[in-house]
Structures are given as C-alpha cells and as structure tokens.
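Residue-level listing of the chains:
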Amino acid sequence: MTRAILILGLGLACAVSASVAAPADCWVLRKHGQSAESRSCFERLMRSRDAWFRAEGFWGLEEWDQANEQFRLATQQAGVEPVVKVRWGRLLHERFNSSEAADLFREALAKDPSSAEAYVGLALVSADGFDGKAAGYLAKAIELNPKSAEPHELLADLALENDEREMAAAEADKAIALSYDALDALAIHAALELLADRPPDAWFDKIRKINPGSGETYARVARQLELHYRYEDAVVYYRKAIEAAPRLWSAHSALGVDLMRLGQDDEPRRELELSYNNGYRDAATVNSLRLLDSYKNFDTIRDDTTVLKLDKSETALLEPYLQSELHAILATYQKKYKMTLPAPVQVEVYPNHEDFAVRTMGMPGLGALGVTFGEVVAMDSPSAHRPGDFNWGATLWHEMSHVYILTATNHRVPRWFTEGLAVHEEGAHSAEWRDRLTPEVMAAIRDKKLLPVTRLDRGFVSPEYPAQVIVSYFQAGAMCDFVAEKWGEPKLLDMVHSYAKLLSTSEVVRQNLGVAPEDFDKQYLAWIENKYGAEAAHFDQWREKLKVLIAAAQQKQFDAVLAQGPGVLALYPEYVDTSNVYELMADADKAKGDKAAETATLLAYERAGGESPNLLKRLASLQEDAGKQEEATATLEQLIYIYPVHDDDLHRRLGDLLLAQKHYDGAIREYRALVASNPVDKAGAQYELAQAYFAANEKDKAEESVLAALETAPGYRPAQKLLLQLQHPQIPKQ
Ligand SMILES: [Zn+2]
C-alpha cells in the first residue's frame, strides 16, 4: 500500500511551498512517479526542524537508518502524536522488523484507540504471517475511517490470496471509488484478469497513467500469480516491476526466489545478491542466498525423466530408494492422469528442515514436509525429522500428484483441489498412508467447523484457528475420497480437466458431479457424519477413558488394560499417536507373554497407519519369530519409507530376510544401504553385500565388495574365503 493514502487520510496535507514541504505532498509526488521533483521534496523534508518530517524525508530518499533514528527522536518528544508511531511502525514493517512494528502500532492504539491507521499497520503484519487476523483488523480500520481506500485495497489483496475473486473485485472497486489513484486496487483488478486468462491491459493503462514508474503494482500482480501457482507468469511481472522501477529491490529479490522455484540457480543468485548489496536483506533474501551457497554440498543425479538433488552425505543411502520410487510414481500417474510430463521432474531433498523451509517462505499453508513448484519438488529428508514423524514415500507420492495436476491445468487449479487430490493419492497408493484422523480433525468434525467446498481455500490460506490448515488438508482429501466413492475415480480427472478450462469450483461441481455446490456440501457432510459422526460425538468420552487406561498401564494393571482397551479403541481406532491404545494393549500382551495377541494388536496398529519405528520393528520381530518371513519383510519395508537413515539394524535385518527368500535385488539394495549407513562393522556389511551379489550371480560386483571388505579388515576370514571362491570357483567350498 502506498504511504500517501495513509498520510492523506490523516488530513495532514499542507501547501507545498518553495522551502517547506509536508510529508503528504512528497508522498503524493512519489506516488505519481519517482522524479526529480519528489527527490527535491524529500530533501526539503530532510532539512526540516521537525524530527518526524526529517524521518519522512530520509525514508523517501531510502536512507533507512537515518529515517529510523529521526523517528526515534520524534517519538521521544513530549506529546508526540500517535500517528508518528504508526509511521515509524510502517517504516520498520517495510524494513523487515515486523515485531517491533506491531509493538509501535499497539502503542499508538493505546494512546488513540480510534487510530484506523494503526489497525491497518497491524493488518499488514498479520497478513505477512498468514495468521488469519488481518481481515478483523481491517474491518476495524474501515469502521473507524470509512473514507480510507487502503483497508479496502488490503482486503482485496487478502481475498485474492484466498482465491475469493468476487470479493477481491468488490473490495478493489470500493477502494477505487474512494480514491481515484488506488494503485493497489487497480493491480488487483489486473491480477484478476490475468488469473482468468483475460487481457489485463486496460487496468495497466490506468496504472501507468497515474504512475508510469509504479513497479510495486506489477510486483503485487506477480505475487498474486505466484500464490496461485503461476510461477512462470509471475516471473514476467516481476521483470516488468523491475523495468518500471529498477531500484525496487524487493522485486529483484522476489524474482530471484521465484526463479529458484523454477529450478534455476544463476539468475536467482545475481538478483538476490543485487537486492542484498542494496540493503534489501529480508529473511527470504538472506536465506535464499544461503541456500544457493549450500547447493555445493549437493549431488545432482540425472536420468531421462528425473533429476535428483541430494545432500552429498545422503546420496549413497537415499538415491536408490528415491530413484526407484520416483519411477514407480511416474509410471502410475502417467496411466492414471493420462499424460506424460513435458520435462524431467526435479526432486530436491533437504536434510536440514530450515533449508527446505526457505523454499516455502512467503507461501501460506504450504507443505510442512514438501512443496511443488511446477516441475520442481522440494522436500525434507527423513533425517530432518524424528523417527516416526515423517513418511518420505507418502510425501513424494503427494508432491508428485501436484506436479501432474499443476502441469495438466497449466497451474489453473485451486489449492483445495490440488491438495485434496494429493492427499487422496497417498491413501489410494497405500491404505496405511491415508490422511490421519487426528484429534484436531475429530474436534473440527464434532464442532461442525468444516468449510463449504467453494470456500475451502480459505482454510489453507487464512486459517481462523491454528489447526485449520491440518483440518483443511483432511477435509479436501476426504472430499476427493467422497467424489471417487460416489461418482467414481475417473470423475476426479474430469474435474482436473474442467479446472484446466478455467471453470470455477462452483461450475466444476455442477458440471462434473451434477449437483449444486450447496448440495454437494450437504451430501459430503452426511457422508462424513456417517463415517465419523459417532466417533466425533464420543470424542470427549474417548479422551477420558484413554486417561484411565494410561493410568492403569502405568500401574501395570495389565488385565484391566486388556479388558478395557478394546472398548476405548473402538471409540477412535484411527488414533495412533502418543499413548495410543494399540501400544498400551501390546505392552500388556507382552507382559502376559501372549505373543499372538501382541502380534495381532501391533498389526492392527500398522494397518491404522501407525508409524513408530520401535513398534513396527517389534512387530517384525514377532512375525519373524513366528516364521512369517514375508510378513516381517512387508513390515520392515514400510519402515524404509519412514526412517531409512541412521538405522543399520533395519537394513541388515531386511537384507537378511530378503536374501533368505532369494529376493536378491532387494537384498542387494538393503546391504548397499547398510554399507552407505557407515555401520560400525563396515567390513561385515561389505561382506554381506558381496554375498548377496554372489547369490545373484553378479560375480564382478561380489568381488568388488569382498575386496572392499578386505581393505577395511584384511584379516577377515569369511571374506578371504569368499574371495578365494570367487577367484577359484573350481576349489570346493570348505
Ligand atoms: Zn500438497
């Protein structure tokens, strides 16, 4: 939002004279183009006797530190107007210090509770953090000052973030009615045209007439395109922003970040360094540069259809798993979505969650675990999480669904649908990976907090309560499950194609499912009620009973746990997190020496989607002891998707099981992983790998591995024997 609106709203405008200028006049000049005139205006302000005016002058001249210093002086004076604090807050907000900015807005409000501008400031800070509070602050600002255009411009921007296009247009119109030069409102209209694939020229003509140098408006359009997954189109508008205002460092930085999302390195570095060297050092710029630097620690592995970027320390271990999973996914989705990707897909895997987080900065409600930008997927490595908290397999299937859907729709798809479909695909691939019915989701169902389909995007972008993003993922996924169940799986692909034709959610539902969105909501809620209604109604009862069960388990009252456990479990069988009933019952079974019951309970835990490595390993041991090698293998194979890092024992056990079943490829994969994990007994691992190669009749590789084992431990007898056998096959085995 341009500052002029704020100042004019305060009624501070003074006449411009040759020697004295008020901030308002300068900002108006600035708004209508950065010119020699506005520069001299700011220079005059800078020489004012009033510290506040000097601050505004320095700010206009981009002398940030001096502006900050003058604001400090101005606010130290007795009887300072609250507006000065608001202005200082706006400077700090612009200079990446949102927390102090918010403090200043609050201080201003404490002095003047009717300060609409302070509420606007708070809304700006909230909007940056996607915390869902911005709209409330703006409503307050409008109530206090109905004549100000800025809150409407911000509301329009927020509505478009949520893809509520009609509301965005309406708010933009209100701003324009209040102020003919509401540039940001004009930008929202231009963005709306672009998002609907209509020519935006008329709006840009108006913008240029008001201010030919307004790079900010192009940047605002670009940002909305980016938030609607239109990364390549966003590049075009960031470039226009820079062309209009070459010193708009925020746009240089945003261009760099956007190009990184498209998988580029060189131009992003130039743009980001340029911003950084010109003092634009917000978190996104600094962290993105740091991430670019860290790419030297990555290996890039290419084949015809995939590009993998893996941290050098993890390549040997993770590459085989990721590579083969990725190819399986490509084969499945190619058939399912009836399309091939136009270019190889790039998957980046970050062992440091902070590095991954840089990839998602400024993106609301997006991937805690993975994120897709067109044909680039960035995700966490399993090593970035605690064992059991993350499933890289499910994440990869999820993100790859986005790759296809974004490509199929040319990035014209609402968030709820692409997320819902991706969640649906996880469960479609593996029942254990279906989205969890977590306590937050259960509470939302109980409290009837699910959103109508046409407003579901809001739950991702502007959550009204902290868990709403998680709830919205579940809801969107369950909506796609519902469509597949009631109308058939192919309907989902029909919906994809309708979105590609730019139909709205309302039209997509009507045309493909033959019902009005309101009716769809009713049917969906009835379906949810039927599935989970009873559980949701008993949610509090479940919580109370679980507490009692936990207490019984702590007191080792195993009979009580086993007697009451099934009843508690039946109230909420999907719960597999901390202190779940499965674990309490399995422990009681173990204490009573009932291995069959313990196995059955742990198996039910696994089927319900439980992913604790300890519990799954325990299940595998029970299965192995009972001679059920195939079942034990399947259990450990699930674990590979959960936590294949830092676990020699897992790879050795799985390798042994696979070798015993003559599944040589699998055994080789696991022993290779074992060697790559750098186990304490490295020679032993290399020897086991050699044995698997030998069994698979790959003698050269067997020899290579056995030599590696002997290099590590020259006196290692079993390896010496195997080498002898390999080099002199005629000598009989001893
Ligand atoms: Zn997603």
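Residues numbered from 1 in each chain as written. Predicted model: local features only at pLDDT ≥ 70, side-chain atom pairs only at ≥ 80, totals over all residues. Heavy atoms only, no water.

(A) The overall build of the chain, seen in detail. Across its full length, the chain holds 39 helices and five strands. The dimensions of the chain, computed from C-alpha atoms along their principal axes, are 105 × 60 × 55 Å. Buried positions account for 57% of the 734 residues belonging to the chain. Sequence separation of at least 24 residues holds for 59% of the intrachain contacts in the chain that already meet a minimum separation of 6. For the chain, the accessible surface area stands at approximately 31300 Å², while carbon and sulfur atoms represent 51% of it. Here the chain contributes 81 positively and 110 negatively charged side chains, and the mean placements of these two sets differ by 2 Å. (Helix = DSSP H or I, 4+ residues; strand = E, 2+ residues; numbered from the N terminus. Buried < 20%, exposed > 50% of the residue type's maximum accessible area, 1.4 Å probe, protein only. Contact = heavy atoms within 4.5 Å. Areas by Shrake-Rupley, 256 points an atom, 1.4 Å probe, with all protein chains shown as cover. Lys, Arg positive; Asp, Glu negative; His and termini not counted. Charge placed at Lys NZ, Arg CZ, Asp CG, Glu CD.)

(B) Just the environment of A431, in detail. Along the polypeptide, A431 turns up in the loop between α22 (415-429) and α23 (439-446). The class of A431 is partly exposed, set by a relative accessible area of 44%. In the structure, A431 is positioned 253 residues away from L178 in sequence and 55 Å away in space, judged by C-alpha atoms.

(C) Focus on the pattern of salt bridges. In the structure shown here, the tally under the stated rule is 49 salt bridges. A salt bridge links E164 to R455, with the nearest nitrogen and oxygen atoms 3.9 Å apart. Here E164, found in the loop between α10 (150-161) and α11 (165-178), pairs with R455, found in the loop between α23 and α24 (456-461); they are 291 residues apart in sequence, far enough to count as distant. Here E164 falls in the buried class, since its relative accessible area comes to 11%. For R455, a relative accessible area of 37% corresponds to the partly exposed category. Residue E164 is joined to R458 by a salt bridge in which the shortest nitrogen-to-oxygen separation is 2.6 Å. Within this pair, whereas E164 is found in the loop between α10 and α11, its partner R458 is found in helix α24, the two being separated by 294 residues in sequence. Exposure class is identical for E164 and R458. Each is buried. One salt-bridge network, held together by shared partners, links D157, E161, D184, R220 and R223. (Salt bridge = Lys/Arg side-chain N within 4 Å of Asp/Glu carboxyl O.)

(D) Highlighting the coordination of the zinc ion. Coordination of the zinc ion by the protein involves H398 (NE2), H402 (NE2), E419 (OE) and E419 (OE), with metal-donor separations of 2.0 to 2.8 Å. Geometry at the zinc ion is irregular, judged from the four donor atoms that bind it and their angles of 51 to 147° at the metal. Coordination of the zinc ion draws on donor residues from a single chain, spaced H-x3-H-x16-E in sequence. Of this pair, H398 sits in helix α21 (residues 392-408) while E419 is found in helix α22, placing the two residues 21 residues apart along the sequence. When sorted by exposure, H398 lands in the same class as E419, which is buried. (Donors = N, O, S within 2.8 Å, 3.2 Å for Na, K, Ca; no water. Tetrahedral: all angles 85-135°; square planar, octahedral: opposite > 155°, others 65-115°.)

(E) Local environment of the pairing of strand β2 (residues 306-311). The element β2 is extensively covered by neighbouring structure, given that six of its six residues are classed as buried. Residues T306, L308 and L310 line one face of β2 and the alternating positions V307, K309 and D311 line the opposite face, and both faces are buried. Relative to β2, strand β1 (residues 298-302) runs antiparallel, the two sharing five bridges. Following the sheet pairing, D299 is matched in β2 by L310. Here β1 folds back onto β2 in antiparallel fashion, the turn holding three residues. Of the strand pairs in this sheet, β2 and strand β3 (residues 345-350) are connected by five bridges, and their pairing is parallel. Counted as the bridge partner of L308 is V347 from β3. Read as a crossover between parallel neighbours, the route from β2 over helix α19 (residues 315-336) to β3 is left-handed. (Pairing = 2+ DSSP bridges. Right-handed = clockwise from strand over helix to strand, strands pointing away.)

(F) Inspection of the side chain of D311 at higher detail. Tracing the chain through its elements places D311 in strand β2. Of the side chains with opposite charge, K312 lies nearest to the buried D311, which makes no salt bridge, at 8.9 Å. Of note is the side chain of D311, whose polar atom sits 2.6 Å from the side chain of S313. If near-sequence neighbours (up to four positions away) are discounted, D311 is found in contact with N297, F298, V349 and P351. (Polar contact = N/O pair within 3.5 Å; in protein donor to acceptor, adjacent residues only side chain to side chain.)

(G) A look at helix α18 (residues 283-294). When the terminal C-alpha atoms of α18 are compared, their 16 Å separation across twelve residues agrees well with the 16 Å that a helix rising 1.5 Å per residue should span. Inspection of α18 places A284, T285, S288, L289, L291, L292 and S294 among the buried residues, and these make up the whole buried set. On its buried face, α18 sits against α16 (249-261), α17 (266-277), β1, β3 and α20 (353-359). (Expected span 1.5 Å × (residues − 1).)

(H) Examining the sheet that holds strand β4 (residues 370-373) more closely. What the five strands build is an open sheet, ordered β1-β2-β3-β5-β4; its pairing is mixed. What marks the edges here is a single partner per strand, and that holds for β1 and β4. Neighbour-to-neighbour, the strand axes of this sheet turn through a mean angle of 15°, independent of strand direction. (Axes fitted to C-alpha atoms, helices over the stretch in contact; angles between N-to-C directions.)

(I) Highlighting the packing of helix α14 (residues 215-227) against helix α15 (residues 231-244). One can describe the packing of α14 onto α15 by two numbers: an axis separation of 8 Å at closest approach and a directional angle of 170°. Classified by the angle their axes make, α14 and α15 are roughly antiparallel. Within the contact between the two elements, α14 uses G215, Y218, A219, V221, A222, R223, L225 and E226 and α15 uses Y231, D233, A234, Y237, Y238, K240, A241 and A244. Split into classes, the residues belonging to the contact of α14 with α15 amount to eleven nonpolar, one polar and four charged. (Parallel < 35°, antiparallel > 145°, perpendicular 65-115°, else oblique. Nonpolar A, V, L, I, M, F, W, Y, C, P; charged D, E, K, R; others polar.)

(J) Representation of the packing of α22 against helix α25 (residues 468-487) in the model. Interaxial distance between α22 and α25 falls to 7 Å at its minimum, and their mutual angle equals 70°. It follows from the interaxial angle that α22 and α25 lie roughly perpendicular. In contact with W416, F417, E419, G420, L421, V423 and H424 of α22, α25 contributes Y473, A476, G477, M479, C480, D481 and A484.

(K) Layout of the nonpolar core. Counting residues in hydrophobic clusters, the biggest one holds 151 residues, and the most contacted among them are L396, M400, W416, F417, I445, F520 and Y524. Ranked by the residues each element gives to this core, the list is headed by α25, at eleven residues. (Core = buried A, V, L, I, M, F, W, Y, C linked by side-chain atoms within 4.5 Å.)

(L) Molecular detail of unusual backbone geometry. Not every positive phi belongs to a glycine, and K448 is a case in point at roughly 55°. For K448, the position within the fold is in the loop between α23 and α24. For N678, which is not glycine, the phi dihedral falls at a positive 55°. One can find N678 in the loop between α36 (664-676) and α37 (682-695).

(M) Structural detail: α16. The end-to-end C-alpha distance of α16, which contains 13 residues, comes to 19 Å, matching closely the 18 Å that a straight helix rising 1.5 Å per residue would cover. Burial in α16 covers these residues: W249, A251, H252, S253, A254, L255, G256, V257, D258, L259, M260 and R261. Downstream of α16 by a residue or two, G263 has a phi angle that is positive, lying close to 90°.

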